[in-house]
Amino acid sequence: MSETTRRRAFDIIVRTYGECLYWKIRYIVLSHDDADDVLQNTFLKAWNNITSFRGKSKLQTWLCSIAINEALDFLRKNKKHGGNTDDYLSVSDRLTADEYFDGDRAHAMLMQAVAALPEVQRTVFNLRYFDNMKYSEISKMLNTSEGALKASYHIAVKKISEYFHLQD
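The structure presented is a predicted model; accordingly, all values stated were derived computationally and were not measured.

## Section: the packing of aromatic side chains
Right, so step 1: Applying the stated criterion to the full structure yields 12 aromatic pairs.
Right, so step 2: Relative to Trp-62, the ring of Phe-53 has its centre 5.2 Å away and its plane inclined at 45 degrees; by these criteria the two rings are tilted.
Right, so step 3: The partly exposed category is assigned to Phe-53, whose relative accessible area is 24%.
Right, so step 4: According to the relative accessible area criterion, Trp-62 is buried, its value standing at 16%.

## Thoughts on unusual backbone geometry
Right, so step 1: The backbone of Asn-132 shows a phi angle near 50 degrees, a positive value even though the residue is not glycine.
Right, so step 2: With respect to the helices and strands, Asn-132 occurs in the loop between α6 (119-130) and α7 (135-142).

## A word on the confidence of the model for the chain
Right, so step 1: Averaged over every residue, the pLDDT of the chain is 83; the share at 70 or more is 84%.
Right, so step 2: With pLDDT under 50 throughout, residues 84-89 is counted as low confidence; its partners more than four residues away or in other chains account for 10 contacts.

Reading the values: rules and limits
Residues numbered from 1 in each chain as written. Predicted model: local features only at pLDDT ≥ 70, side-chain atom pairs only at ≥ 80, totals over all residues. Heavy atoms only, no water. Phe/Tyr/Trp six-rings, centres within 6.5 Å; stacked < 30°, edge-to-face > 60°. Buried < 20%, exposed > 50% of the residue type's maximum accessible area, 1.4 Å probe, protein only. Helix = DSSP H or I, 4+ residues; strand = E, 2+ residues; numbered from the N terminus. pLDDT = per-residue confidence, 0-100. Contact = heavy atoms within 4.5 Å.

Below, the structure is given as structure tokens:
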């Protein structure tokens, strides 16, 4: 395959999956600018490793796996370098002030509740709730058992429900 053909093919991949991946990342990192940076890193990693894609899973699953891992790595690095990813008190304020946020107060509250979840529960909840992914797909992406995912999702839903009851 020529370099030109490879670039054109990858451009199609970026246009096809870019928005979907952006929102998966955005639900994890919350900030538009951070999501853009992580998305760029995702596509860079995919470009550098495209020859390792063997087709054992869907291309979208492979790309989502890269995106989620990049987003989680971003959070971990941000936390190590003094980032304040544990401060969720202003999540809804930051979301509603973000020019790219088009939700209402209830959506902002949901995002605040989700942001307060531990990393794994937050990721599982986002993939299952917002993307309506099957546990089998999430299991491949996160390399964990479906049972563990179901437990994480159940606990996340319970915590989010408790959060909303506290807001009443």
